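# A structural walkthrough
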Amino acid sequence: MSTVNSSMAEETAAPRANTLRSFNFSARFWVSLVIVACVILMSLAGFIYPTGPAEKVGSLYDPPGNGLLMGTDNFGHDVIAVLMAGTRTSLIIGLVAGIVATTIGVGVGLLAGYVGGWFEELLMGVTNVVLAIPAIVVLILISMSLPSSTIWSLAIVIGITSWPWTARAVRAQASSVATREHIDVARLSGVRLPGILVKDVLPYILSYAVMAFVLQVAGAILAEAALSMLGLGPSGVNSLGTQLHWALAFQAVASGAWWAFLPPTLVLTLVSFGFLLLQASLDEVFNPRLRRGKRKQMKQAAARREEEARLLAEQAADPAARADPGAPADPAASGTHQHPERSEAGDPV
Amino acid sequence: MTAQHSHRFSISDGTTRRRFLATTGTLGGAAALAACGGATGGGGGDEGEELVGVGNNGEAGTGRSGDAADQLFIAGFQWSPPTNFNTFAGAPAWPASSNVAQYVYETLLRFDIVSGELLPGLAASYEVDGNESISLTLQDGITWHDGSEFTADDALYTFELGKIDPGLGVASFWTEVDEMTADGKTISIAVNSERKNVGAVLAQLAQQFIVPKAVFEKVVEETDKNVASWETDEAIGTGPFTLELADQTQIILARNEDYWGADFYGGLPKMSKIIHPIFKSNEDGNIKFQSGALDVMQQFVPQIWKMWESGKPVGTYLQEEPYFVPGSVPMFLMNATTPGLDDPKVRKALAYAVDYASIAETAMSGYSSQVLASLIIPDGAEDQWLDRDKATADGWAYDAEKAESLLQEAGYAKGDDGIYAKDGQKLGPWTMITPQGWTDWNAALKIVSKNFQDIGVDASTNFPQQAQVTTAIQNGDFAMACWYVAGTNPATPWQRFSDVMSNVDMVELGQTAYRNYGRWENGEVNDLLEAAAAAPDDDSKKEALTALDTLYRAEVPAFPLMYRPDEFFEFNASNWTNWPTEDNDYAPPMFRGAGNTWIFELKKIGE
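Conventions adopted
Residues numbered from 1 in each chain as written. Chains lettered and ligands numbered in written order. Predicted model: local features only at pLDDT ≥ 70, side-chain atom pairs only at ≥ 80, totals over all residues. Heavy atoms only, no water. Helix = DSSP H or I, 4+ residues; strand = E, 2+ residues; numbered from the N terminus. Expected span 1.5 Å × (residues − 1). Buried < 20%, exposed > 50% of the residue type's maximum accessible area, 1.4 Å probe, protein only. Patch = residues over 30% accessible without salt bridge, like charges linked within 9 Å, V, L, I, M, F, W, Y side chains within 5 Å. Areas by Shrake-Rupley, 256 points an atom, 1.4 Å probe, with all protein chains shown as cover. Salt bridge = Lys/Arg side-chain N within 4 Å of Asp/Glu carboxyl O. Polar contact = N/O pair within 3.5 Å; in protein donor to acceptor, adjacent residues only side chain to side chain. Contact = heavy atoms within 4.5 Å. Lys, Arg positive; Asp, Glu negative; His and termini not counted. Core = buried A, V, L, I, M, F, W, Y, C linked by side-chain atoms within 4.5 Å. Axes fitted to C-alpha atoms, helices over the stretch in contact; angles between N-to-C directions. Parallel < 35°, antiparallel > 145°, perpendicular 65-115°, else oblique. Nonpolar A, V, L, I, M, F, W, Y, C, P; charged D, E, K, R; others polar. Pairing = 2+ DSSP bridges. Phe/Tyr/Trp six-rings, centres within 6.5 Å; stacked < 30°, edge-to-face > 60°. Lys NZ or Arg CZ within 6 Å of the ring centre and 35° of its normal. Arc of directions from axis to C-beta.

### Topic: helix 12 (residues 439–455) of chain B
Residues and elements named next belong to chain B. Along its 17 residues, helix 12 runs 25 Å from first to last C-alpha, staying within 8% of the 24 Å computed at 1.5 Å per residue. Of all the 17 residues making up helix 12, 14 are buried; the element is thus mostly covered by neighbouring parts of the structure. Count one or two residues on from helix 12 and you reach glycine 456, which has phi positive near 100°.

This is the structure in structure tokens:
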């Protein structure tokens, strides 16, 4: 009883300053957003950069200088121009592969989770089998057997090998949603399966799907880099992976040409770090249990709760003093009052 | 006979022969440094005595101490733990793998890639009678590592193995040879009277390791004539070294103190052991090489000049670009059965479209000289057969505008998509293939693809696995490809003309071809090839080869993209000097064939 009281008190005591704050975007969110935005801007900057990525401006591994900020790669191309074009390709591949993987994963998960029964067993059986095979092996085999590799074929291949974990997670959520009352209402009112899935089940797991999508994009960019480094990348196109592939093939590390392999490595690290951080901060936005306030707000709230607790304790103490020495009431009351303080103290900031 | 390895320790006066045009740019400094061929010994060296055959910067090291000072460290031939030293197996370990180095096994003759000569090996001399027969006279006193005597029977039996087990590579000897007999120390070979291809026979004589009959007779019995399946950790040869140890990390050869050739080569090899450490990757070996832990190797090092520019006593045979003597030609193949590519004018336009200098500079790291429109390598052993003026006059060079005007002359016009087409037949989209991981070839094709796109021909690259590429090329299942043809050997350039152009035994698309993968058809090429093979003297041979080269330039069934060395030959003079170089050319820059000469001539620093 008293717990409910205190939590209600907490809610009223911390007024919402504005709507943005109500989403509780953390600093992590903004940092990740800036990183991702920077990478996207850099990929677009390639359109206005004066040098093309296939323009020979120097010789094999010219060091930085002479008007070239990052020197040349093994083809004598400007590393910056190649990096911009490569980032663009990698982002496109990540985006397309993310859409493909999330669509398949959410579709399979929704159907399996909602329909249930043997159909669920079948779909999840297939999913488990696919999950058990290392995706990179399948990826390499499919890429090798393709007659020629374009960024689209590569994106789709990555997409269709990385959906299983999304499907499993979505199925778990969908089967929980499927037991709720509003589904029964929808079913009784004669809505068909696709309608229920899209209008009544999907919205409940949409936040999860968005986060899964962000993770898929980051995963796809890394998968592209791994494949391209093995030489299975898109032909005739620059990507972060192909850039690393050529640096590796022409022994940039051994020849000390750091400008050939460090920039794509950094961008790759940044882009996957940015997306993973974005996913983690979105998780906090969507999941109230993971929400953390700002230190100042939390201190204020803590102070307010302490004040309220003191008042409550006074109220409780008064009748207790008036009534007969009913000692048992005291520990219970103090325990209840101390609870929010304890949780406040234990909360990591 | 001993004159073949005459010593030339003369010190360069700076006016060295420069047979290669040095390109301008980053290399100017290195070239200037390298112009001085001699060097005074580094710290531990003999004061005052000029050393030759040292790093391209004129530096030499101070020598190693202890046992390692007497050992030669070599790399670039063995990349996995050695498991089998049967020279006839699929992938035998170094140095039993055929035609790599004459340290354990030797050949009858030894080919010199620079002079084109066939030097004596196990055979002291050879004589060619027209194009009908070859006779060889064996050296005196040759013994096997186990002490038994080497006889002509051993040589005969080695080639006989090709008849016993037709699956062996040596079996191809018998397509060119009718009969091989011995009389005492003289071996007579009757060249196939229809093919009359003396060059191919000599090439085999210079490449086939001679094995002991006593050992292989038993092998034939034990393996039921499946010699390739035999596994052994022993290698009994006639060479100056014996196999001492082979494990996961290294192969060690020990000097054969009873070597028969001590008189012939003027002494035993200077090193007591040859050690081949086994590396996981090129990088590992390159780092060890730079530090002087390896003396000589056959590995691709991008921008090797950086090593001597940074003061390391690293050297190559040539002091200037391309540093290595060209010995093979990666060819750009075009499938003549593909619509569009069946037109010689289109093929010639494509040959004009390629930026060869860019390929040489970046893909080959500068290790290729200027490509000439010829199937004859314009240097070293083959130079004598080349009509250079004719090749320059009616050949091609990089000229994108000329390429486009050739296409327009041939009736092609640019469509809305910027791609040339004629009667609805577009030039492309075509895919050009070469095996994944052949990095210089991959990079070269990437440049070619861009060159083609630039003039309006739609072509993209694809790099499948080697086995896949081999099958596709042999079956004619490709539009464009980069592939190898015969490298410099006693049978080239004839062999290369045959590889690229021969219309003998043409096979259908989908069936395995072993030459002319582009299925280029021509009525006169077979006669020209026959005439060149059977040419009785050098003058008529050159004339016949020039006729072939002229036909090649008119039809362009394929064109060279760059030159590659037969073997990369890089040395680090930190413990040994007197390496073979252009100014100290007592031996060619080789490991195989005539390349064993230098192991008898190296000089230890500090001695």
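### What about a nonpolar patch on the surface?
Together, Ile40(A), Leu44(A), Phe47(A) and Ile48(A) make up an exposed nonpolar region whose accessible area comes to about 460 Å². Secondary-structure assignment places Ile48(A) in the loop between helix 3 (27–45) and helix 4 (79–115).

### Comments concerning the environment of Thr161(A)
All names here are of chain A. As for its position among the elements, threonine 161 is in the loop between helix 7 (151–159) and helix 8 (164–177). Owing to a relative accessible area of 9%, threonine 161 belongs among the buried residues under this scheme. In this structure the C-alpha to C-alpha distance between threonine 161 and leucine 131, which are 30 residues apart in sequence, comes to 8.9 Å. A distance of 2.9 Å separates the side chain of threonine 161 from the backbone oxygen of isoleucine 158, its partner in a polar contact.

### Describing unusual backbone geometry
Residue and element names in this part refer to chain B. Of the consecutive residues tryptophan 94 and proline 95, the connecting peptide bond is found in the cis state with omega at 0°. Summarising the element assignment, proline 95 is placed in the loop between strand 3 (71–75) and strand 4 (109–111). Between glutamate 321 and the following residue, proline 322, the backbone shows a cis peptide bond with an omega angle of 10°. Relative to the elements of secondary structure, proline 322 occurs in the loop between strand 14 (314–316) and strand 15 (326–328). Look at serine 365: it is not a glycine, yet its phi comes out positive at around 55°. Position of serine 365 relative to the elements: it lies in the loop between helix 9 (356–363) and helix 10 (388–393).

### Observations regarding the side chain of Gln78(B)
All names here are of chain B. Residue placement: glutamine 78 occurs in the loop between strand 3 and strand 4. Since its relative accessible area comes to 8%, glutamine 78 is described here as buried. A polar contact of 2.8 Å, which involves the side chain of glutamine 78, links it to the backbone oxygen of serine 80. Not counting the four nearest positions on each side in its chain, glutamine 78 is found in contact with Ala93, Trp94, Ile251, His276, Ile278 and Phe279.

### Some words on the side chain of Asp499(B)
All names here are of chain B. With respect to the secondary-structure elements, aspartate 499 resides in helix 14 (residues 494–501). With no salt bridge to any partner, buried aspartate 499 finds its closest opposite charge in arginine 515, at an N-O distance of 5.6 Å. Within polar-contact distance, the side chain of aspartate 499 engages the backbone nitrogen of alanine 486 at 3.0 Å.

### Focus on the nonpolar core
By size, the foremost hydrophobic cluster in this structure holds 151 residues, and its most contacted members are Phe275(A), Phe332(B), Phe452(B), Met480(B), Phe559(B) and Leu561(B). Listed in part, the 89 residues of the second largest apolar core include Phe173(B), Trp174(B), Leu205(B) and Trp260(B).

### Points about the packing of helix 9 (residues 181–188) of chain A against helix 10 (residues 193–229) of chain A
All names here are of chain A. Interaxial distance between helix 9 and helix 10 falls to 11 Å at its minimum, and their mutual angle equals 170°. The orientation of helix 9 with respect to helix 10, classified from their angle, is roughly antiparallel. Here His182, Ile183, Ala186 and Arg187 of helix 9 come into contact with helix 10, specifically with Ile196, Asp200, Val201 and Tyr204. Residues belonging to the contact of helix 9 with helix 10 are distributed by class as follows: five nonpolar, one polar and two charged.

### A few points about the sheet that holds strand 3 of chain B
All names here are of chain B. Across the sheet, seven strands lie side by side as 10-11-12-3-13-25-14; this open sheet has mixed pairing. Both outer strands of the open sheet, strand 10 (241–246) and strand 14, are each paired with one neighbouring strand and no more. Sheet strands touched by helix 6 (residues 282–291): strand 13 (296–297), strand 14 and strand 25 (570–572). Its angle to strand 25, the strand with the most contacts, is close to 45°.

### Looking at the pairing of strand 22 (residues 480–483) of chain B
Residue and element names in this part refer to chain B. Side chains Met480 and Cys482 project from strand 22 onto one buried face, and the interleaved Ala481 and Trp483 project onto a second face that is buried too. Pairing geometry for strand 16 (residues 331–334) and strand 22, over four bridges, is antiparallel. When the sheet's bridge partners are listed, phenylalanine 332 is paired in strand 22 with cysteine 482. Judged from the two bridges that link them, strand 20 (residues 430–433) and strand 22 form a sheet pairing that is parallel. Paired with isoleucine 433 across the strands is alanine 481, a residue of strand 22.

### Topic: the sheet that holds strand 22 of chain B
Strand pairing in a sheet relies on backbone hydrogen bonds, with the paired strands running either antiparallel or parallel. All names here are of chain B. Taken together, the five strands give an open sheet; going across it, the order is 21-20-22-16-23, and neighbouring strands pair in mixed fashion. Sheet topology places strand 21 (459–462) and strand 23 (558–560) at the edges, where each strand pairs with a single neighbour. Averaged over neighbouring strand pairs, the angle between their axes works out to 25° when direction is ignored. Strands in contact with helix 12 are strand 16, strand 20, strand 21, strand 22 and strand 23; relative to strand 21, the strand with the most contacts, it is inclined by about 165°.

### Topic: the packing of aromatic side chains
Scanning all chains against the criterion turns up 45 aromatic pairs over all chains. Between Trp305(B) and Tyr367(B), the aromatic rings sit 6.5 Å apart at their centres with planes inclined by 80°, giving edge-to-face as the arrangement. Of the two residues, Trp305(B) sits in helix 7 (residues 305–309) while Tyr367(B) sits in the loop between helix 9 and helix 10, which places them 62 residues apart along the sequence. Tyr367(B) matches Trp305(B) in its accessibility class, with the two residues each being buried. An aromatic cluster is present here, built from Phe77(B), Trp94(B), Tyr103(B), Phe241(B), Phe569(B), Phe571(B), Trp579(B), Phe591(B) and Trp598(B) joined pairwise through their rings. Sitting over the face of the ring of Phe47(A), Arg88(A) holds its NZ or CZ atom 4.1 Å from the ring centroid. Over the ring of Trp385(B) we find Lys541(B), and its NZ or CZ is 4.2 Å from the ring centre.

### Concerning the pattern of salt bridges
All chains considered together, the criterion is met by 21 salt bridges over all chains. When the shortest N-O distance is used, the salt bridge between Arg347(B) and Glu555(B) registers 3.3 Å. Of this pair, Arg347(B) sits in helix 8 (residues 344–353) while Glu555(B) sits in helix 16 (residues 538–555), and the two are 208 residues apart along the sequence. Assessed through its relative accessible area of 2%, Arg347(B) is described here as buried. Because the salt bridges share partners, they merge into one network encompassing Glu307(A), Arg310(A) and Glu314(A).

### Describing helix 6 of chain B
Residues and elements named next belong to chain B. Of all the positions in helix 6, only Gly285, Asn286 and Phe289 are classed as buried. For helix 6, the buried positions fall inside an angular range of 100° around the axis, keeping them on one side. Exposed positions of helix 6 whose direction lies more than 90 degrees from the buried face are Ile287 and Ser291. Tucked inside the fold, the buried residues of helix 6 contact strand 13, helix 7, strand 14 and strand 25. Of the residues one or two after helix 6, glycine 292 is the one with positive phi, at around 90°.

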